[in-house]
Amino acid sequence: MNPASHQSDPSCPPTGPPGFLARLRVAASLLARLRKPDLQAGGAYRQVRFGKFHLFGRWWRFLAWVLHETFVAIPNGTRGLTINRRVSNCPMWLIDPNPLADHPWCRDPAAVLPASTDTVVIGAGFTGGAAAYHWARRAPANRKMVVVDLGDPASGSSGRNEGLVVMGRYFSMVKQCMLNTLPELRPDLDAGGRKRLAHQFADVYARAAYRNAALIEQTIQREGFDCNYVRDGWVQARTAEEQAALDDSVREAQETGFDDWTKISAEEAARRSGMRLDHPAGFSRQAASWHPAKWVWSLFDRALAAQTVALFTRTRVTSVTNDEGRYRVETSRGVIHARHVIYATEAYTPALEKMFHDAILPMQEQAACGDGGPKTMKPCIGISGTWHFAGRYGRRVLFGSGGSRLADCEAGRNRPSRFLSRFVVSQIHRTYGDHRLHMTNEWSGTVGYTPDQYPIVGSLDRRGRYIVAGMCGSGSGVSFNGGRCIVNRILGLDDEPDDYPAAYFAPSRLLNTAHHPWPAFEA
Ligand SMILES: Cc1cc2nc3c(=O)[nH]c(=O)nc-3n(C[C@H](O)[C@H](O)[C@H](O)COP(=O)(O)OP(=O)(O)OC[C@H]3O[C@@H](n4cnc5c(N)ncnc54)[C@H](O)[C@@H]3O)c2cc1C
């Protein structure tokens, strides 16, 4: 085959570095297309990567990085990338028809919201689906739940994500995040006290997350959910500088018994994921991949069969107010009175409840998918580098990165950065080498971060308003168990373990620090 025909054959990866003109073309197209999401993503990257330097040093390094990426790394790493003339912003998981789209209006246009109910759930993603499923499993026939969503089920982050069922964040990471914020939250503690408390927080979080993962697997198997669940783990590449931290985190995982988090050699990482690495990688042994939207649809499918749960899509909640011992939930289709309200609105929460501004930060993450990709990329396993994630699902490869903070009112926006997509493809090229990839879809979603990167699961007012949120991009590691615990509390059931004690997870930890019932030190 001569070189020219090799280059034009879509199945052959391109070879050789791009010429000067080709580089210039890529750079010009990158710079000409810079938009607000690109600048926001760039600003977030500058802060994370170079935040430790003073202002001048930070900017100088950032600009050098931009020039290198624009003229060298991205043109080199995206030689095999072609982009559809019209890139769809439909997330890969929502290309499949949504069986609950426009429910119940598509079948019953005259349907009306009930005037009153026991519990209203706002949001129909992982969290709303979990609440509905557990309600259907446990509530007596006379106690009804109504779920409303401004879109269709799984149209928020739950249908726009990477598709991994995570074991939660690993122990050391949770502990470190708590340690970083405890000086502000608990100025009364000395360094030793903060260390002990951070350890306790990580312990309670990881225990809940491990049960969450077990419950998800048991539920999928027991119910026979068809959501492409495969438990093959998650390989996370680590650089030379990150090796010491990896060793520490794996040692701590073993010492504490939360030993899902391990280290594997570069050879084993290649065998499992196809990535060519120079250093050992982190590995979550029990992470799984799934079709996240099908998970949500399956939860609702079971819940709606039970007659105690009703779902109303395309219905926006505009306010929740107290009304003589009940809650008045105002929606775009009328008012519902309820004894309880569950906020399953994650990153959208501050737009609905202003008190969450600066307590739940909406952060944009994005992903894209296309046909082809590296032939050596193994299917259905989580793959991450320092700045990106990727995965192969059938003929498609999904890849993405994140996150920059959005204004509260922008939560849920679907405006990805093309610069970021190209950057991620060039990152994949580093560990997989030459390949061809035809990008067809590109989208963004918003995840909810708390300042201490620890979720909130509990009561908002010690009466009937509850929330599960602030899952920091690890919603599959919290939502199912969190939804279960909240439903059990509302139903007054104490025959199952409650993994989210108020001392750790109550929203007052963020909203009312001085009056939060902080946990005592354990022996
Ligand atoms: C690109 C990307 C990759 C990710 N990868 C992973 C991953 O691999 N694994 C993982 O565990 N997590 C991942 N996440 C995070 C994960 O998707 C979220 O943590 C999870 O989906 C949160 O679920 P949720 O149900 O709480 O929120 P959402 O799915 O965001 O659902 C909230 C719902 O509330 C509705 N809503 C909001 N406001 C209102 C209102 N006023 N009235 C009515 N309805 C309202 C919205 O329409 C939405 O459907 C990723 C996220 C993104 C964006």
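Bear in mind the structure is a predicted one, so any value in this text is a computation, not a measurement.

Conventions and cut-offs
- Residues numbered from 1 in each chain as written.
- Predicted model: local features only at pLDDT ≥ 70, side-chain atom pairs only at ≥ 80, totals over all residues.
- Domains from an automatic or database assignment.
- Helix = DSSP H or I, 4+ residues; strand = E, 2+ residues; numbered from the N terminus.
- Near = placed C-beta within 6 Å.
- Nonpolar A, V, L, I, M, F, W, Y, C, P; charged D, E, K, R; others polar.
- Core = buried A, V, L, I, M, F, W, Y, C linked by C-beta atoms within 7 Å.
- Buried ≥ 20, exposed ≤ 12 C-beta atoms within 10 Å, placed from the backbone.
- Contact = placed C-beta atoms within 7 Å.
- Expected span 1.5 Å × (residues − 1).
- Pairing = 2+ DSSP bridges.
- Axes fitted to C-alpha atoms, helices over the stretch in contact; angles between N-to-C directions.
- Parallel < 35°, antiparallel > 145°, perpendicular 65-115°, else oblique.
- Left-handed = near helix turned anticlockwise from the far one by under 90°.

Student: What am I meant to see in the domain arrangement of the chain here?
Tutor: When the domains of the chain are assigned, the result is domain 1 (19–95 + 361–449) and domain 2 (112–228 + 292–360 + 450–523). Each of domain 1 and domain 2 has a C-alpha centre, and these two points are 30 Å apart. The greatest single-element share of the side of domain 1 that touches domain 2, amounting to 6 residues, is contributed by strand β17 (residues 437–449).

Student: Quick question: what am I supposed to make of the site of the ligand here?
Tutor: Every one of the 42 residues lining the ligand counts as a neighbour, but Gly123, Gly125, Gly156, Gly445 and Gly475 are closest to it. Broken down by secondary-structure element, the contributors of at least two residues to the shell around the ligand are α5 (126–138), β13 (361–372) and β17. The residue inventory of the shell around the ligand, partitioned by class, reads 15 nonpolar, 21 polar and 6 charged. A domain split of the shell around the ligand shows at least three residues from each of domain 1 (19–95 + 361–449) and domain 2 (112–228 + 292–360 + 450–523).

Student: Help me out: how do you make sense of the nonpolar core in this one?
Tutor: Looking at soluble globular proteins, one finds that nonpolar side chains tend to be buried together. Within the largest apolar cluster, 138 residues are counted, with the highest numbers of intra-cluster contacts made by Ala132, Phe201 and Phe399. Among the elements that make up this core, the one with the highest residue count is helix α7 (residues 191–223) (12 residues). Two domains each put at least three residues into this core: domain 1 (19–95 + 361–449) and domain 2 (112–228 + 292–360 + 450–523). With sequence-adjacent residues up to four places away left out, alanine 132 is seen in contact with Val121, Met145, Val147, Leu299, Phe300, Ala303 and Val309.

Student: Which parts of the structure should I look at to understand α7?
Tutor: Residue pairs three or four apart in sequence face the same way in an α-helix, which turns once every 3.6 residues. For α7, spanning 33 residues, the distance from its first C-alpha to its last is 48 Å, which sits close to the expected 48 Å at 1.5 Å a residue. Count one or two residues on from α7 and you reach glycine 224, which has phi positive near 65°.

Student: Would you mind showing me how to read the pairing of strand β16 (residues 396–405) here?
Tutor: Along any regular strand, the residues point their side chains to alternate faces of the sheet. For β16, a buried count of 8 out of 10 residues is recorded, marking the element as mostly surrounded by other parts of the structure. Across 9 bridges, β13 lies against β16 in antiparallel orientation. For alanine 367, the partnering residue across the bridge sits in β16 and is glycine 400. Taken together, the 5 bridges between strand β15 (residues 389–393) and β16 define a ladder with antiparallel strand orientation. Bridge pairing links alanine 390 to phenylalanine 399 in β16. Connecting the antiparallel pair β15 and β16 is a turn made up of 2 residues, with glycine 394 showing a positive phi of about 65°.

Student: Looking at this structure, how should I read the packing of helix α6 (residues 171–185) against α7?
Tutor: Their axes nearest at 8 Å, the elements α6 and α7 cross at an angle of 135°. In this view, α6 runs oblique relative to α7, as classed from their interaxial angle. As for the relative orientation of α6 and α7, their crossing is right-handed in sense. Mapping the contact onto sequence places Phe171, Val174, Lys175, Met178, Leu179, Leu182 and Pro183 in α6 and Arg194, Lys195, Leu197, Ala198, His199, Phe201, Ala202, Tyr205 and Ala206 in α7. In terms of residue class, the contact of α6 with α7 is made up of 12 nonpolar, 1 polar and 3 charged.

Student: Explain the sheet that holds strand β7 (residues 281–284) here, please?
Tutor: In sheet architecture, strand pairing relies on hydrogen bonds along the backbone and comes in two forms, parallel and antiparallel. Across the sheet, which stays open at both edges, the 9 strands sit in the order β1-β17-β13-β16-β15-β14-β5-β7-β6 with mixed pairing between neighbours. In this open sheet, the two strands that pair with only one neighbour each are β1 (81–88) and β6 (261–264). Averaged over neighbouring strand pairs, the angle between their axes works out to 30° when direction is ignored. As judged from the 2 bridges shared by strand β14 (residues 382–384) and β15, these two strands associate in the antiparallel manner. Residue pairing in the sheet places isoleucine 383 in a bridge with alanine 390 of β15. Helix α8 (residues 243–256) contacts β6 and β7 of the sheet and is inclined by roughly 135° relative to β6.

Student: Before we go on, may I ask you to explain unusual backbone geometry in this structure?
Tutor: Leaving glycine out, the prevailing phi sign among residues is negative, and the prevailing peptide bond configuration is trans. Look at the link from histidine 103 to proline 104: it is a cis peptide, with omega at -5°. Along the chain, the position of proline 104 falls in the loop between β1 and β2 (116–122). Positive phi, close to 50°, is recorded for arginine 314, a residue that is not glycine. With respect to the helices, strands and loops of the structure, arginine 314 is situated in the loop between β9 (309–312) and β10 (317–323). For arginine 314, a count of 17 C-beta atoms within 10 Å translates into the label partly exposed.

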